[in-house]
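Residue-level listing of the chains:
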Amino acid sequence: MNEAIPVSRVIDRGTAKLMPDVDRERAWLLTVDGAPQSYVDLDEPTHLEFEYARRLGHVLDTVAEPGLPLDVVHLGGGALTLPRYVAATRPGSRQRVVEYDRGLLDLVVEQLPPPDDADIALHGADAREWLEAAPADSADVLVGDVFGGSRVPAHLSTVGYARAVERVLRADGVYLANLADAAPFTFLRSQLATLATVFEELSLIAEPAVLRGRRFGNAVLVAAHQPLDIAVLARRTAADAFPARVEHGTSLRAFIGGAAPVREEDAVPSPEPPDGAFGIG
C-alpha cells in the first residue's frame with residue numbers, strides 16, 4: 001500500500017501541515033497554524049479548489065490570448081498552486097515566486113515538487129524588499145497573495161507598495177491581489193483607493209454575500225493601466241461553481257466612497273478573520 005500520510009513540520013513562521021485529500025489520489029491541502037493556505041492536485045494542476053484561487057485563475061485566463069506564455073511574479077508561495085496552474089495553461093511562461101518563509105519553500109519543494117519542465121524560480125525573501133530591487137518593466141502579471149498568518153502585512157498595503165508593483169509591471173501588465181475583509185470594508189476600500197493612485201483601471205471580484213456584508217470573505221482586486229475584458233471575466237466568474245460578481249466603473253467608485261489611500265505611517269495589517277471564517281470542514 002502506498003497510502004499518502006499527513007506531513008507536519010515546524011517552519012520559520014509556525015507549523016505547516018500537508019494533508020492528503022482522500023477523494024483525489026495526489027491532492028494535498030496545506031495549512032499553517034491551522035489556517036488553510038493552499039490546495040494542490042499534482043495530477044491535475046488546473047484544478048483550483050479554493051474559491052479565491054478560481055477567481056485568480058479566471059483573471060489569469062483572460063489577461064492575454066489563451067496559451068500565450070507570460071512573465072509572472074507571485075508574491076506569496078504557499079504550495080505553488082497558481083504557478084503550477086500557469087505552467088499548465090500557459091506553457092513556456094517564466095515565473096518567479098517570492099516567499100518569506102524559507103522553511104515553507106523547502107517543505108513544498110521536498111514534498112510537492114513543481115514539474116521539472118516548468119520555469120519557476122523560487123526566492124526566499126520579503127515580498128516588498130524583493131519587489132523594490134526587481135528590474136523595472138519585467139512582468140506581465142504580478143500576483144499578491146501574502147498573508148502573515150491570516151492577515152495581509154501592513155507594509156504591503158501602502159501607496160509605496162503600489163508604486164513598487166507598478167514599476168515592475170510592463171505598461172500593459174496586470175496586478176492581482178487576494179485580500180480578505182468584511183463590512184464596513186475599511187481595509188478593502190483603502191486598498192482600492194491606494195491602487196487608484198497608480199492604476200487607471202480597477203476591478204473587484206467577490207461573492208455577492210461578502211459584498212452585501214453578510215460574512216467575512218476573500219476579494220480579488222485587479223489593477224491595470226489598460227481595460228480588461230470585463231464582460232468575459234464577469235461571465236466566467238458568474239458561471240463558476242462558486243459564483244462571484246465583478247464590480248468596476250461607477251459601482252466600484254461608489255463602493256470606494258471617501259476611502260483614503262494608505263500612507264506608510266498609517267498602514268495596518270488586514271483585519272483578523274473571525275473564528276471559523278477559513279476553517280477546514
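Anyway, here's the lowdown on the structure attached to this text. (Residues numbered from 1 in each chain as written. Predicted model: local features only at pLDDT ≥ 70, side-chain atom pairs only at ≥ 80, totals over all residues. Heavy atoms only, no water.)

### What to know about the overall build of the protein chain
Okay, step 1: Across its full length, the protein chain holds nine helices and twelve strands.
Okay, step 2: In summary, the protein chain has a C-alpha radius of gyration of 18 Å against a globular reference of 19 Å for 281 residues, a match within 12%.
Okay, step 3: When the backbone C-alpha atoms are referred to their principal axes, the protein chain occupies close to 60 × 40 × 40 Å.
Okay, step 4: Look at the contacts in the protein chain between residues 6 or more apart in sequence, and 69% of them connect residues 24 or more apart.
Okay, step 5: Across the protein chain, the mean location of the 26 positive side-chain charges is 5 Å away from that of the 41 negative side-chain charges. (Helix = DSSP H or I, 4+ residues; strand = E, 2+ residues; numbered from the N terminus. Rg over C-alpha atoms; globule rule 2.2 N^0.38 Å. Contact = heavy atoms within 4.5 Å. Lys, Arg positive; Asp, Glu negative; His and termini not counted. Charge placed at Lys NZ, Arg CZ, Asp CG, Glu CD.)

### Some points on empty space enclosed by the protein
Okay, step 1: Considering all chains together, one arrives at one cavity of 30 Å³ or more under this definition.
Okay, step 2: Computed from the structure, the largest cavity encloses a volume of approximately 130 Å³.
Okay, step 3: Around the largest cavity, the lining comprises 16 residues; the ones closest to its centre are Leu 156, Tyr 161, Tyr 175, Ala 177 and Leu 179.
Okay, step 4: Counting only elements with at least two residues in the lining of the largest cavity, the list comes to helix H5 (159-168), strand E9 (169-181) and helix H6 (186-195). (1 Å grid on protein atoms, 1.4 Å probe; cavity = no way out; pocket = protein on both sides within 12 Å on 5 of 7 lines; lining within 4 Å. Points joined across faces, edges and corners; volume = space filled by probe spheres on them.)

### Comments concerning the nonpolar core
The tendency in soluble globular proteins is for nonpolar side chains to be buried side by side.
Okay, step 1: Among the nonpolar cores identified, the biggest contains 40 residues, and Leu 75, Leu 131, Leu 142, Tyr 175, Phe 199 and Leu 204 are the most heavily contacted of them.
Okay, step 2: In contact with Leu 142, not counting residues within four places along its chain, are Val 73, Leu 75, Leu 131, Val 165, Val 168, Leu 169, Val 174, Tyr 175 and Leu 176.
Okay, step 3: Counting residues in each nonpolar core, the second largest holds 29 residues, with Tyr 39, Leu 48, Val 59 and Ala 64 among its members. (Core = buried A, V, L, I, M, F, W, Y, C linked by side-chain atoms within 4.5 Å. Buried < 20%, exposed > 50% of the residue type's maximum accessible area, 1.4 Å probe, protein only.)

### With respect to the packing of aromatic side chains
Okay, step 1: Applying the stated criterion across every chain, the model contains three aromatic pairs.
Okay, step 2: Each ring, one from Tyr 161 and one from Tyr 175, has its centre 6.2 Å from the other, and the planes form 70°; the classification is edge-to-face. Of this pair, Tyr 161 sits in helix H5 while Tyr 175 sits in strand E9, and the two are 14 residues apart along the sequence. Of the two residues examined, Tyr 161 and Tyr 175, each falls in the buried class.
Okay, step 3: Residues Phe 185 and Phe 255 carry aromatic rings whose centres are separated by 5.4 Å and whose planes lie at 50° to one another, so their mutual orientation is tilted. You can see Phe 185 sitting in the loop between E9 and H6 and its partner Phe 255 sitting in helix H9 (residues 249-256), a full 70 residues away along the chain.
Okay, step 4: Given a relative accessible area of 3%, Phe 185 falls into the buried group. (Phe/Tyr/Trp six-rings, centres within 6.5 Å; stacked < 30°, edge-to-face > 60°.)

### Re the side chain of Arg 96
Okay, step 1: When you line up the elements, Arg 96 lands in strand E6 (residues 94-99).
Okay, step 2: Asp 71 is the oppositely charged side chain nearest to the buried, salt-bridge-free Arg 96, at an N-O distance of 5.6 Å.
Okay, step 3: What Arg 96 contacts, discounting residues up to four positions off in sequence, is Val 72, Val 73, His 74, Ala 121, His 123, Trp 130, Ser 138 and Ala 139. (Salt bridge = Lys/Arg side-chain N within 4 Å of Asp/Glu carboxyl O.)

### Here's the deal with the packing of helix H1 (residues 51-62) against helix H2 (residues 81-89)
Geometry of a packed helix pair, given as the angle between the helix axes and the separation of the axes.
Okay, step 1: Contact geometry of H1 with H2 gives a least axis separation of 11 Å together with a crossing angle of 35°. The interaxial crossing formed by H1 with H2 has right-handed handedness. Mapping the contact onto sequence places Ala 53, Leu 56, Gly 57, Leu 60 and Asp 61 in H1 and Leu 82, Tyr 85 and Val 86 in H2.
Okay, step 2: The residue inventory of the contact of H1 with H2, partitioned by class, reads six nonpolar, one polar and one charged. (Axes fitted to C-alpha atoms, helices over the stretch in contact; angles between N-to-C directions. Left-handed = near helix turned anticlockwise from the far one by under 90°. Nonpolar A, V, L, I, M, F, W, Y, C, P; charged D, E, K, R; others polar.)

### Let's talk about unusual backbone geometry
Okay, step 1: Residues Ala 183 and Pro 184 are joined by a peptide bond in cis, for which omega reads 10°.
Okay, step 2: Among the structural elements, Pro 184 can be located in the loop between E9 and H6.
Okay, step 3: Despite not being glycine, Asp 137 shows a phi value in the positive range, around 50°.
Okay, step 4: Within the fold, Asp 137 resides in the loop between helix H4 (127-133) and strand E8 (139-144).
Okay, step 5: The backbone of Phe 185 shows a phi angle near 60°, a positive value even though the residue is not glycine.

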